[in-house]
Amino acid sequence: MSCYIGLDIGGTKIMVKSIDTNTHQSILYKEPTPIDYLEGINLLHHLIKKAANGRKILGIGAAIGGPIDHKNHLVSPLHQPNWRDIPLKKIMEDKWQCPFYVDVDTNVAAFAEYTLGDYQQGRFLYITLSTGMGGGFILDGKIYQGLSHPEIAHQCITHPYNIVICECGASNCLEALVSGNGIRNIYKKPAEELNTREWDEVAYHLALGLRNIACILSPEVIVFGGGVSIGGGNKLLDLSANYLHKELKLVSSPKLILSTLGYDTALEGAVLFAQAKHLH
Ligand SMILES: [Zn+2]
């Protein structure tokens, strides 16, 4: 009797899921993330034990906010200020005596979308557009790491009327124009209350970002997940695609597609990581 374990360690909630290696049945636990990191680690151990339910754990995969120091295996998730330079791999491998794999949540989600979705193209980009914004690029089936995790949301897009300061501290980031928090800041209301003209403006700004991405990375497909994407739906993507097609002259337009995996994409990716699927 054995299982794999996936962890999604988010700023507000922790999710732990086990998959039985024979029956493929899963057990899922979800708890609020404690502020203190030691409490967080203890909660993870507790939930892993419950999810394993006496079975041998063959591997653990995890998705967590960046940045991650892959060389020294240290995690410092931006939105969990008490977690700084935490040797998560050592902590998990010492405790559970099995391989442990971790990556930035948007990379893990991108890998799940690539592996489980219908669009396994050579250059595949996943964008999550929710409270914040992030992305993961899959190149020939492998997660593209770069020198540091690429942050497509923090490319510069000039706002026509004023300078918008992003939560990262830089000015005029794409995220500050099109994410849930960015929309609240600019329009003084949540994304679901935007009128047609305001959605059109968001779609236009998104298209400017996608244009840069298309010109530099030339992806075949861009899959969108996260609450704002799913809320805006195909209407948002169609509007953006129209603006994008008009401005792309020398490179092909990528297909813009809504995620079909729902909201727990990073957790699904973490379970794939547990099986070391990303290494094949
Ligand atoms: Zn930024």
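Keep in mind that this is a model prediction, so the values were computed, not measured. (Residues numbered from 1 in each chain as written. Predicted model: local features only at pLDDT ≥ 70, side-chain atom pairs only at ≥ 80, totals over all residues. Heavy atoms only, no water.)

A. How the structure looks around the overall build of the protein. When you go through the protein residue by residue, the secondary structure sums to 8 helices and 12 strands. The C-alpha radius of gyration computed for the protein amounts to 19 Å, which stays within 12% of the reference 19 Å derived for 280 residues, consistent with globular compactness. With the principal axes as the frame, the protein shows a C-alpha extent of 55 × 35 × 35 Å. Counting the 280 residues in the protein, one finds 51% classified as buried. Considering only contacts within the protein whose residues lie at least 6 apart along the sequence, 62% involve residues at least 24 apart. A total accessible area of about 13500 Å² is found for the protein, and carbon and sulfur atoms account for 52% of it. (Helix = DSSP H or I, 4+ residues; strand = E, 2+ residues; numbered from the N terminus. Rg over C-alpha atoms; globule rule 2.2 N^0.38 Å. Buried < 20%, exposed > 50% of the residue type's maximum accessible area, 1.4 Å probe, protein only. Contact = heavy atoms within 4.5 Å. Areas by Shrake-Rupley, 256 points an atom, 1.4 Å probe, with all protein chains shown as cover.)

B. Seen up close, the nonpolar core. Judged by nonpolar contacts, the single largest core of 35 residues is most densely connected at Ile127, Met133 and Leu210. Secondary-structure elements contributing two or more residues to this core are β8 (123-129), β9 (133-139), α4 (175-178), α5 (180-187), α6 (196-217), β11 (221-225) and α7 (227-247). For this core, the element with the highest residue contribution is α6, accounting for 7 residues. Listed in part, the 28 residues of the second largest apolar core include Ile9, Ala52, Ile57 and Trp83. (Core = buried A, V, L, I, M, F, W, Y, C linked by side-chain atoms within 4.5 Å.)

C. Local environment of the coordination of the zinc ion. Coordination sphere of the zinc ion, protein contribution only: His154 (ND1), Cys166 (SG), Cys168 (SG) and Cys173 (SG), at 1.9 to 2.3 Å. In this structure, the zinc ion is coordinated by 4 donor atoms arranged in tetrahedral fashion, with angles at the metal of 106 to 113 degrees. We classify His154 as partly exposed; its relative accessible area is 27%. Cys173 gets classed as buried once you look at its relative accessible area, which sits at 2%. (Donors = N, O, S within 2.8 Å, 3.2 Å for Na, K, Ca; no water. Tetrahedral: all angles 85-135°; square planar, octahedral: opposite > 155°, others 65-115°.)

D. How the structure looks around the pairing of strand β7 (residues 100-104). Counting buried positions along β7 yields 4 of 5 residues, so the element is predominantly enclosed. In terms of strand pairing, strand β4 (residues 56-64) meets β7 through 5 bridges, oriented parallel. Residue pairing for β7: Ala63 is matched across the bridge by Asp103. (Pairing = 2+ DSSP bridges.)

E. Representation of the domain arrangement of the protein in the model. For the protein, the assigned domains are domain 1 (2-103 + 264-279) and domain 2 (118-258). Using C-alpha coordinates to define each centre, domain 1 is positioned 28 Å away from domain 2. On the side of domain 2, 4 residues touch domain 1, which itself brings 6 residues to the contact. Both sides of the domain 1 and domain 2 interface together cover about 360 Å² of buried area, and 42% of this is carbon and sulfur. When the buried surface of domain 1 facing domain 2 is broken down by residue, Asp103, Thr265 and His278 rank first, second and third, together holding 61% of it. For the interface between domain 1 and domain 2, the tally reads 0 salt bridges. (Domains from an automatic or database assignment. Buried area = accessible area lost by both parts, 1.4 Å probe. Salt bridge = Lys/Arg side-chain N within 4 Å of Asp/Glu carboxyl O.)

F. Local environment of the sheet that holds strand β10 (residues 142-143). Across the sheet, 5 strands lie side by side as β10-β9-β8-β11-β12; this open sheet has mixed pairing. What marks the edges here is a single partner per strand, and that holds for β10 and β12 (255-258). Pairing of β8 with β11, which is carried by 5 bridges, proceeds in the parallel orientation. Bridge assignment links Thr128 to a residue of β11, and that residue is Gly225. Sheet strands touched by helix α3 (residues 105-116): β8, β9, β10 and β11. Its angle to β9, the strand with the most contacts, is close to 50 degrees. Against the sheet, α6 contacts β8, β9, β11 and β12, and its axis sits at roughly 155 degrees relative to β8. (Axes fitted to C-alpha atoms, helices over the stretch in contact; angles between N-to-C directions.)

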